[in-house]
Each structure stands twice: as C-alpha cells, then as structure tokens.
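# Residue-level structural notes
If you want the building blocks of each chain, they are given just below.
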Amino acid sequence: MLNSSTTAGPKKNCTSYIDVPDRECTRRLHQYAPKALNSQVQKAFKTMSEIKKEEEKSLNFLEEIIEEDLNRGRYKSILTRFPPEPNGYLHIGHAKSICLNFGLAQKYGGKTNLRFDDTNPVTEDTEYVDSIKEDIQWLGFKWARELYASDYFEQLYNFAIALIQKGLAYVDDSTSEEIAQQKGTPTEPGIANTYRSRSVEENMRLFTEMREGKYKDGEKVLRAKIDLASPNMHMRDPILYRIKHAHHHRTGDKWCIYPMYDFAHGQSDSIENITHSICTLEFIPHRPLYDWFIEKLEIFPSHQYEFSRLNLTYTVMSKRKLKQLVEEKYVTAWDDPRMPTISGFRRRGYTPRSIHVFADKIGVAKRENLIDVSLLEFCIREDLNKTSIRRMVVFDPLKVVITNFEAAMEILKGENNPEDPHTTYRDIPFSREIYIEREDFMEVAPKKFFRLAPGQMVRLKHAYIIKCDDFVKDANGNITELQCSYIPESKSGSDTSGIHVKGTLHWVSVPHAINAEVRLYDRLFKVEDPSSEEGDFKDYINPNSLDVVETVYAEPALKQSKFDDRYQFLRKGYFCLDKDTSEEKLVFNRTVTLKDTWAKEVKKG
RNA sequence: UGCCCGAUAGUAUAAUGGUAGUACGACAGAUUUUGGUUCUGUUUGUCUUGGUUCGAAUCCAGGUCGGGCAACCA
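If you're wondering where the values come from, they're calculated on a predicted model, not measured in any experiment.

Bringing the environment of Met 442 into the picture now. Within the secondary structure, Met 442 is located in the loop between strand 15 (433-437) and strand 16 (457-460). Given a relative accessible area of 32%, Met 442 falls into the partly exposed group. If near-sequence neighbours (up to four positions away) are discounted, Met 442 is found in contact with Phe 449, Leu 452, Ala 453 and Pro 454.

Scanning the model with the defined rule gives 46 salt bridges in all. A salt bridge links Arg 347 to Asp 335, with the shortest nitrogen-to-oxygen separation between them at 3.1 Å. Placement of Arg 347 in helix 13 (residues 342-348) and of Asp 335 in the loop between helix 12 (319-327) and helix 13 is noted, with a sequence separation of twelve residues between them. For the residue pair Arg 347 and Asp 335, the accessibility class agrees, reading buried in each case. For Asp 440, the salt bridge identified is with Arg 571, shortest N-O distance 2.3 Å.

Sheet architecture is open: seven strands sit in the order 19-16-17-18-12-15-20, paired in mixed fashion. Of all the strands in the sheet, just strand 19 (504-505) and strand 20 (508-509) have a single pairing partner and so form its edges.

Here the focus is the pairing of strand 15. Along strand 15, four of the five residues are buried, which leaves the element largely enclosed by surrounding structure. Relative to strand 15, strand 12 (residues 397-402) runs antiparallel, the two being bridged by five bridges. From the neighbouring strand, Leu 398 faces strand 15, where its bridge partner is Ile 436. Strand direction decides the pairing type here: strand 15 and strand 20, joined by two bridges, are antiparallel. Opposite Tyr 435, over in strand 20, you have Val 508 as the bridge partner.

Quick look at the nonpolar core now. Within the largest apolar cluster, 36 residues are counted, with the highest numbers of intra-cluster contacts made by Ile 92, Ile 98, Ile 136, Leu 139, Leu 312, Ile 355 and Phe 358. Every element with two or more residues in this core is listed here: helix 5 (92-107), strand 2 (111-116), helix 6 (126-138), helix 13, helix 14 (352-362) and helix 15 (373-387). In this structure Ile 355 touches Ile 92, Ala 95, Trp 138, Leu 139, Phe 345 and Tyr 350, once residues within four positions along its chain are discounted. Membership of the second largest hydrophobic core comes to 35 residues, among which are Tyr 157, Ala 224, Phe 263 and Phe 293.

Now for the sheet that holds strand 21 (residues 514-521). The sheet built from seven strands is open, its strands ordered 10-23-24-25-21-22-11 with mixed pairing. Of all strands in the sheet, those bounded by a partner on one side alone are strand 10 (389-391) and strand 11 (393-394). With three bridges joining them, strand 23 (residues 567-569) and strand 24 (residues 573-577) adopt antiparallel strand pairing. From the neighbouring strand, Tyr 567 faces strand 24, where its bridge partner is Phe 575. In the packing of helix 15 onto the sheet, the strands contacted are strand 10, strand 24 and strand 25 (587-592), and the crossing angle to strand 25 comes to about 120°.

For helix 12, the complete set of buried residues consists of Lys 321, Leu 322, Gln 324, Leu 325 and Val 326. The positive-phi residue at the C-terminal boundary of helix 12 is Lys 329, with phi of around 60°.

Of all the eight residues making up helix 16 (residues 597-604), zero are buried; the element is thus mostly uncovered. Gly 605, located one to two residues past helix 16, shows a positive phi value of around 90°.

As enumerated under the stated definition, the model contains 28 aromatic pairs in all. Residues Phe 207 and Tyr 241 carry aromatic rings whose centres are separated by 5.4 Å and whose planes lie at 65° to one another, so their mutual orientation is edge-to-face. Taken as a pair, Phe 207 in helix 9 (residues 200-212) and Tyr 241 in strand 6 (residues 239-243) lie far apart in primary sequence, 34 residues in all. Summarising the burial analysis for this pair, Phe 207 and Tyr 241 share the class buried. Ring pairing ties together the aromatic residues Phe 153, Tyr 157, Phe 207, Tyr 241, Trp 255, Tyr 258, Phe 263, Trp 292 and Phe 293, which thus form one cluster. Over the face of the ring belonging to Tyr 215 we find Lys 220, whose NZ or CZ atom lies 4.1 Å from the ring centre. For the cation-ring pair, Lys 321 lies above Phe 537, with the distance from its terminal atom to the ring centre recorded as 5.6 Å.

Okay, the packing of helix 14 against helix 15 next. For the pair helix 14 and helix 15, the least separation of the axes is 9 Å and the interaxial angle reads 140°. Classified by the interaxial angle, the pair formed by helix 14 and helix 15 is oblique. Note on packing geometry: the crossing formed by helix 14 with helix 15 is right-handed. On the side of helix 14, the interface is formed by Arg 353, Ser 354, Val 357, Phe 358, Lys 361 and Ile 362, while helix 15 contributes Leu 375, Leu 376, Phe 378, Cys 379, Ile 380, Glu 382, Asp 383 and Thr 387. Of the residues contributing to the contact of helix 14 with helix 15, the split by class is eight nonpolar, two polar and four charged.

What counts, and at which threshold
Residues numbered from 1 in each chain as written. Chains lettered and ligands numbered in written order. Predicted model: local features only at pLDDT ≥ 70, side-chain atom pairs only at ≥ 80, totals over all residues. Heavy atoms only, no water. Helix = DSSP H or I, 4+ residues; strand = E, 2+ residues; numbered from the N terminus. Buried < 20%, exposed > 50% of the residue type's maximum accessible area, 1.4 Å probe, protein only. Contact = heavy atoms within 4.5 Å. Salt bridge = Lys/Arg side-chain N within 4 Å of Asp/Glu carboxyl O. Pairing = 2+ DSSP bridges. Core = buried A, V, L, I, M, F, W, Y, C linked by side-chain atoms within 4.5 Å. Axes fitted to C-alpha atoms, helices over the stretch in contact; angles between N-to-C directions. Phe/Tyr/Trp six-rings, centres within 6.5 Å; stacked < 30°, edge-to-face > 60°. Lys NZ or Arg CZ within 6 Å of the ring centre and 35° of its normal. Parallel < 35°, antiparallel > 145°, perpendicular 65-115°, else oblique. Left-handed = near helix turned anticlockwise from the far one by under 90°. Nonpolar A, V, L, I, M, F, W, Y, C, P; charged D, E, K, R; others polar.

Shown next as structure tokens:
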C-alpha cells in the first residue's frame, strides 16, 4: 500500500507521478533562470519549453471529439460538409466555418462535401450558388462532392411517407397563426388539434394530394407527431413540409411541397454519411430533433456539433443586415471593399492565406465572442509585409525644386521588396522637380518632427539627402513650393557624406509621375458592436468609410500593375488594383494602412 | 420566469485536479535609408458564495450575468 497522502492527488494516469518533480524543476527554472543563469542557458531553457509547447499544441473541442472517434475506431475516416443556403453572399463568418470544416477534414485525412441547403425556393438563386463556389475556391479549398439538398427531395419525400406510416407524422389543415397558438409558449404546453388524430390512410391520401398540387400555399402542412408539451419548442410537432407553388432554381416546377430545414438537414447529412456535422450555436435546440429523425427513420447516425459564430468589431455579420446595406445603397455591392463578405475582402486585397491564419488564431469554442478587427488587420499586414511590391506614391503633392541638381534626370534603383532576400529592383527616375507629401513639411516644426522644415534635412528614399533652404507662399499664405539642395555624396547605397538624418520621405519625379485614383477605406461603423446598440444599426454607419483621392502621383513602374499583385505604397499602406481600373485610369484600393506610431504620437499631443 | 448553452487579462484562446500560458492590443526601449519591419521588456485575468480535496480555472451545489429557443426561414 502506498501512502495515501502522496497518491491522493494524481489520478487518471501514472505520468503525473513523474510530472511532479518535473514540474517542480520547471517552476524553479522559471523562478531563477532569468536572474541567476547566463543568457545561453536561458536561451536553451526557452528552446526546450518551446519544443514542449509544439508537442503539446492543444486541440480545440472539435479536434478532441474527432481524435477520440478515430482512436476508438468509430469511424475509419471523417466526412464533413459545408452547407450554405444560396440566398446571399458568404461573409467572413462563413470563412471561419469553411476553414473549420475543410481544415478538420484535411488534418485528419478526411473529405468535405459542399452541400447547398436549397429547400426554400423563394429566397434562393443560382447567382448565389456561383458566388459561393467562387469564394470557397478562392479560399483554396476543394470539395469532394458538390451536392444539393434538392437532389434528395424524392428521398426526403419517402422518409416522410415512412413517418406517416409509422404514425409519426400527420397532415394539419390549420393556418400558421393557429399552429403558432396551439404550440403554446415556453412556459405553457401546447394543445393538440383534431387533425393530430387523423388515420394513417387519411394522412397518406392528403400528403399525396399535397404533392400533386391539389392544395394552395398554406392550406396544409405535414407535421411530425412528437410531443406538444416538450420543454423544447422544436419538439412540439414541428412542420416537415409546407406547400409552395414556386419555381425552384434547380428542380423547376417539379415540386410544390418543400421540406423544412429540420427535415432536410440531418437526413441529408445521413444520406451522405457525414460523420461530423458542424454548425453554429443557435442550432443546439434543434439537435434533439435532428437525432429523432435519424432514430425513427433508422438511417446513418450523423452527429451534430455546435461552435460559436464569428463576430467582428465595427461591422455586422448577419446576412439580413448585409443585404440591407446593399439594397439601401449604403455600400455599392456585396463585394464593396468595406463589406465583411469574402468577396469584399478579396476585392479589398486580402489574401486567402491571411484569412486562414486569422481563422486559426481566433480558435473555436462555444462562447459568444466579438473579435477585435485589429487581429484581422494584423494577419493581412503580416502576410503583405512579406510579399508585397514596394512603390512610391504621393497622395497630396507639394512640389520640391532641387536647386543644385543640374542633370535632366537620373535613374535610381529601388528594391521591390526589402523583406525578400532575393529581391529584384526597379528603375526610379529622379529629376530637378519632385513631389513630396504635403504633410511631410512644416513651416514651424515640433521637436520630434523628423521630416522637412526650413533648414532641416531628410533622406529621399532610394535617392539623396536634401536640405530645405527656402519655401514659396502664394497670396493666401499657402505653401506652393519648396526649394532644396541635395547632397551628391549621399546617394543611397553609396553614401559617403557621413550625414545622418532621422526622416526618410517617399517622393516622385514631377515629369515622370503617372496618375491614379486611390480609394481609402475606413471601418463601416462608428461603434464596436452596431448590433448591440439602441435603435437601428444603420444609425451607426461611419459616414467617412470611403475617401476617394481621384488623382495621386505615382512612380512610373506602377504603370505595369497587375490584378494579382499586392503593393505597399511606402509609408502609406497596402494597396491592390481595383476592378474599376480602365485603360484611362488606374484605381487602387487600400487594403489596410501601415501601423502608424507617429499618428498616435500626434494624437496624444 | 420553462428549457438549453456559456462565463479565464481590453479582445480572443490554452491549461482536461498539480507552473494560470499564448496571440492580438496597449505601453516602454533597441535596431532601422518606410515614424514600416524586426528584436527586447512591461502591463492587465480564472463571475460570485459555499462544498469536496494535501491541492480547484478545472469536480459538486446555490446564486449572478450574458446568449439562444415560441418563422409554413436556414
């Protein structure tokens, strides 16, 4: 017998017996290593703990479930599905679900079906089917099979017949108001009507006639016979089929009865042998029904698991609200770069990789959340910093004359991407007249202003150090021109001047500049969580979410811009070409700004 | 006031009875020919009250707060 005081704690497995001294050792290292040990030991210690972390990379609750199912031999491989209703465009919340469903299958060597939940013909359209497929493909995922709930209409109809014959479904002639009333409330049980006791034969006849089109919309429904007193409202004889004489985008006019979500989704999962049917939290109360159909029909037991949907600060995420923004012209379209739709992010310049990383970083859990949009911005900056092509573009020009520059022009070299060790270079023309950003000059500069001011020096990126000798004002007192001298020995890459300046400015040569339009986007809403505010969410729309600068001045290399390219306009932000670009005009979208600690400094005063 | 779900730094997310950690943010510093990047450091947390236990974020009970459910929507 072991001493109970030493064995009482650890249970479950014996490794904790070993863990205790190990943990104690780790604790001591934590306590003493930083001060007592030299840096090399600290480094080694850190590496070890990092390795440990790699190995112990924790699983989210879905991964845990799947691993257990696989380990226990419940399934040989997993099959997930992404089941959108084609009644709108996909948003970043769907991207989370897509990354989850496809990502889980990839991780565990399984597959994922794309299944359109097209059971309501009046809201759905092929336009949406196409956009959904495009968005998933853009994210880089491949579905195993492209399926439609409507493919199963005949099968689902037979399931309904089976329930009727088991005495588990009946045709109800009540109006929707009557049904709602008879359902009771969460605190009062529902009451049965006379239709509930119809015979199997009568139900069979009536349901057949429903299918044949003998009745008008709303005249009859098929209901499951479960429990009108259930504390779960979804179990109070839910509607299975309703009559809709409507044209379906795939089945045309073949059907005039359509299954409800609850009668279609679980059975579709079952027909496809989906092992893990993952949906959002609001479907939790539907799960008993999902299981009830599977049990009563004795079909493949798919299982439903729920996770919390994504919410992002300064935007809205419901299809209904997004639709409203489009229809009421608060934005130009579903793919307006301010929209949180996948197509909006795509047009704005987000990369699939940045969205994958984002989806990974936010994790998966079952609690309500509101993710700070700065995390998404971090993800896209991190990606674009490594991959984007650097260019110089002046948005608000101030002319600078380099008074001692005598040549007509000089060609300078600029690296296309300093983050890339194998970077290539482009030519940048330099001349006597250049534009700099108006905000980069101040007549009277505060202490920490590292830019141009009378008598002050700055470096022109990829070029020379210049000194501001004088400035010219017009009649209204506006500064119209700067007169500077350059230091010939200070050329980038071969600077022998010995001069050190704190500021570096982007610029373009006046005679070589090309024009473009840039569209600067800000958050769509003024408040973090528009949906939780009083009144209409549209009252909180940011009126300055779009700032169009019709003419900016860009270095000539930008003339060769391609739609797939991503640019960093030095000191300005990340940009990409917009589809509104024409022969006459280049149009760029600002994907995201650069981090700007100077702006913060200024704000602080 | 029925049923269901949830609660860990500002925001997310780990720790599965034994070190409360990570990321983003914020702040400070170093580096920098982008006030970018990179690097370093600092900051802040287990909803509450009891109980079980040598030991509780974790298990149990009560409470509080948040969310969902009464569509012929999904």
